[in-house]
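Read off the chains here:
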Amino acid sequence: MNVIKNNLYLFKFINKYAKPYYLYIIFAGITSALSVVMEVYGLQLIVDGLTRGEYFQSLLAVVIIVYSLRLISDLYSTMSHYFDNYLMQKLQLGISTEMMKKTTELDFECFDMSEFYDKTARALSGGMGTAGSLVGSLVALASSGTTFVALVGLMAQYHYLYVLIALVHCVITYFFVEYENRKSYDFDYSITNENRAAGYPHGCLYTNEIQKEVRVFGARSFFVELYKKATGDVMKKRNRFNLKISGILCIRDLLYALIMVATVLLSIYRVQNNLLTIGAFVATINGTVSLWQSMYGVVSQVPSFVQNARYVDNLREVSDYQGKIESNLGKKLPFDPTRELTVEFRNVTFIYPSTERKIFDNLSFSFSGKKFVAIVGENGAGKTTFFKLLMRLYDPNEGEILINGIDLRDYDIQSLRAGISACMQDYCYYQYSVRDNITFGKPASDEELHEILKKVRLDDVVDGYEQGLDQKMGKQFWSDGINMSRGQSQKLALARCIFKKSAGLYLLDEPSSALDPIAEEQIGEAMYDISKDKNVLMITQRLTMVRYADYILYLENGQVIESGTHQQLIEQDGKYANMYNTQKKRFI
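Here is a short report on the structure shown in this document. Note that the coordinates shown come from a computational prediction; the quantities given were computed from them, not determined experimentally.

The next point concerns the nonpolar core. If you look at soluble globular proteins, the nonpolar side chains tend to sit buried side by side. Counting residues in hydrophobic clusters, the biggest one holds 45 residues, and the most contacted among them are Val434, Ile438, Leu508, Met527, Ile552 and Tyr576. Tallying contributions element by element places helix α16 (residues 486–499) first for this core, with seven residues. Grouped together as the second largest cluster of nonpolar side chains are 35 residues, Phe367, Ile401, Ile403 and Ile539 included.

Rendered as structure tokens:
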């Protein structure tokens, strides 16, 4: 861990999103030093003036000067809350935005690992917290540092022992602050996964989809008890930790008390020996307390910078992550989605991260010149994985995947993804408008969107909405939002897939799984029409959809065991024919 390097890393966010903080820091230091020093010294002048019997008018001038400076400092402190909150929000917005962008630059395999979620949780909480902590530390350092320097000069005028006592206080403060910060970081790090796990059942009860099953299966107690137990376990650990820290801090407080007693006894001794006036006695006591406070403000920031650096390690680990796929280190050849499609798997072996089972084991097959290809097979055969590899969400552990004779790793990743559109098996709609659900903010005319909705047989539904294309979806944020059925949601996902204008290859993963037979027939016809101009690869268990395909791959245990047209596979009387005839019997 590099303390200086990590704290400087945070400065790039301040420079980018909150430069006015620097003026704020400088002014905080000046006003704080002037008000504290003048208050300490001014109190001595007032007390000594009273003991000498000076007139009220002369003392009034001192009071006005001292407390005018104090008022300016207090007013600035009050106004700085608004200023500080405003800049902090800008800073946090900037960090959040950069982290959101970073999520799309991570290799997709990161989202398969619990360790990744722990890292991002630490990075997000640490990134926000440490940026704010750094600013707070800089403000405190400016205020306390300038005050400390001024008070050291003032207290040294009374006696050097006051400064030495303050230095002892400083060493004790540093030790205890560093100890507490280090232990707090280690504890927070150790319970990251438990904190996330404790929050999961809590979040489950606040989603529309899960609430349906909670009510049907009477699962409320299940989630509540899980939350109470997981949170209770974390609370017990935190309470034990806090008790231990409190015991250590009691020792600190005892040492502070002894140091204060020594300071008071020193001042009493010097007064009794006519080395201090009564005003100076009051000033040394107040000055010592103020010196300790300013010294604490300075010294405690050193461990804070160290603590920041610890948390920034988590932020940098995610922010500086360079993925093998998303880094786009290949030859960056352009992908031409308009070409006739040729796909070849050459000795491909693939294992999902953090698992051992081979989804594909030395898989080899190829097809070319086909516009509409169907992939069928039983659950777990590797069909969806086939699509994930084509989209290059993952790279194979061994072997090559070629499209149009070129290894996927040699294509420019952005060009490849731009040429592919997909309707995912785990489709969803987002809590925004119908328009945004289709376009993701890209420009499109109402006529264009209506034409797409007509293709997926969703136009009548959207036209029936009060706000049409601008109708908000879902009830999570909108009182007048609309909840779509699963079938309607799937049609909306298909509309999103079709809208992608740059795509020449459509990957459809179970595109009719939630549709009724009539809608399925309509969607099949729509996909067939699209395949006249585009390349379509479709995973389906509904073999009524397969008849639109001009080529079929049958997968079993990660291998293509049958391939050909529907008629060819029926004549082979193999696994495909058996599956087809089994489904056919349902309708006879």
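Next up on the list: the environment of Tyr429. Along the chain, Tyr429 falls in the loop between β6 (420–423) and α13 (434–439). Residue Tyr429 is classed as buried on the basis of its relative accessible area, which comes to 17%. For the pair Tyr429 and Gly474, spaced 45 residues apart in sequence, the C-alpha separation works out to 8.4 Å. For Tyr429, the contacting residues outside a window of four places in its chain are Asn437, Met473, Gly474, Ile482, Asn483, Met484, Ser489, Leu492 and Arg496. A distance of 3.1 Å separates the side chain of Tyr429 from the side chain of Asn483, its partner in a polar contact. Among the polar contacts made by the side chain of Tyr429, one reaches the main-chain amide nitrogen of Met484 at a distance of 3.5 Å.

Structurally, the position occupied by Ile523 is in helix α17 (residues 517–530). Residue class for Ile523 comes out buried when judged on its relative accessible area of 0%. For Ile523, the residues in contact, after removing those within four places along its chain, are Lys455, Val456, Leu494 and Leu515.

We now examine the sheet that holds strand β4 (residues 398–403). Sheet architecture is open: four strands sit in the order β2-β1-β4-β5, paired in antiparallel fashion. Two strands close off the open sheet at either side, each with one partner strand: β2 (358–368) and β5 (406–407). Here two bridges tie β4 to β5, and the two strands are oriented antiparallel to one another. Bridge pairing in β5 links Leu402 to Asp407.

On inspection of all chains with the given rule, the structure shows 16 salt bridges. For the salt bridge of Arg238 with Asp188, the shortest nitrogen-to-oxygen distance reads 3.7 Å. Remark: Asp188 occurs in helix α5 (residues 160–190) and Arg238 occurs in helix α8 (residues 220–272); sequence separation between them is 50 residues. With relative accessibility at 31%, the residue Arg238 sits in the partly exposed group. When the shortest N-O distance is used, the salt bridge between Arg346 and Glu344 registers 3.2 Å. A residue is classified by how much of its surface remains accessible, and Arg346, at 33% relative accessible area, is partly exposed. Residue class for Glu344 comes out partly exposed when judged on its relative accessible area of 26%. Three or more residues are tied together by salt bridges with common partners; here these are Glu344, Arg346 and Glu400.

Attention shifts here to the environment of Leu43. In this fold, Leu43 is placed in helix α2 (residues 21–52). Classification of Leu43 by relative accessible area gives partly exposed; the value is 25%. Separated by 239 residues in the primary sequence, Leu43 and Val282 place their C-alpha atoms 7.5 Å from one another. Leaving out residues up to four positions away in the same chain, Leu43 has contacts with Met38, Val282 and Asn286.

Attention now goes to the sheet that holds strand β8 (residues 535–539). On the basis of which strands lie adjacent, the open sheet formed by six strands has the order β6-β7-β8-β3-β9-β10 and mixed pairing. The two strands at the open ends of the sheet, each matched to only one other strand, are β6 and β10 (559–564). Taken over all neighbouring pairs, the strand axes of this sheet differ in orientation by 20 degrees on average, direction set aside. Its contacts with the sheet place helix α20 (residues 575–585) against β3 (372–377), β9 (551–556) and β10, and it is angled at close to 100 degrees to β9.

Here β9 pairs with β10 via five bridges, running antiparallel. Paired with Leu553 across the two strands is Ser563, which belongs to β10.

Once that is clear, we can look at the pairing of β8. Counting buried residues in β8 gives five out of five residues, a clear majority hidden from the surface. Here β8 shows two buried faces, one formed by Asn535, Leu537 and Ile539 and the other by Val536 and Met538. As defined by bridge partners, β3 adjoins β8 across four bridges and the pair is classed as parallel. What sits directly across from Phe372, in β8, is Val536. Between the parallel pair strand β7 (residues 505–509) and β8, the chain is carried across by α17, and the sense of this crossover is right-handed.

What counts, and at which threshold
Per-chain numbering applies: the sequence of each chain, read as written, is numbered from 1 onward. A pLDDT threshold of at least 70 governs which residues receive local features in this predicted model, and a stricter bar of 80 or more applies before side-chain atom pairs are shown or counted, although totals over entire chains, interfaces and linings include all residues. To get the side-chain values, take all heavy atoms of the structure and skip hydrogens and water. We call a set of buried Ala, Val, Leu, Ile, Met, Phe, Trp, Tyr and Cys residues a nonpolar core when their side-chain atoms join them within 4.5 Å. Relative accessible area decides the class of each residue, using a 1.4 Å probe on protein chains only: under 20% of the type maximum gives buried, over 50% gives exposed, and in between gives partly exposed. The secondary structure listing takes helices from DSSP runs of H or I that are at least 4 residues long and strands from runs of E that are at least 2 residues long, numbered from the N terminus. In what follows, residue pairs with any heavy atoms lying within 4.5 Å of each other are defined as contacts. N or O atoms closer than or at 3.5 Å make up a polar contact, with two conditions inside protein: a donor-capable atom paired with an acceptor-capable one, and, for residues adjacent in sequence, both atoms drawn from side chains. Note on pairing: two strands pair once DSSP finds at least 2 bridges between them. Whenever Lys or Arg places a side-chain nitrogen within 4 Å of a carboxyl oxygen from Asp or Glu, that contact is recorded as a salt bridge. Inter-axis angles, ranging from 0 to 180 degrees, are taken between N-to-C directions of lines fitted to C-alpha atoms, where helices are fitted over the stretch in contact. With strands facing away from the observer, any crossover in which the path from the first strand over the helix to the second runs clockwise is taken as right-handed.

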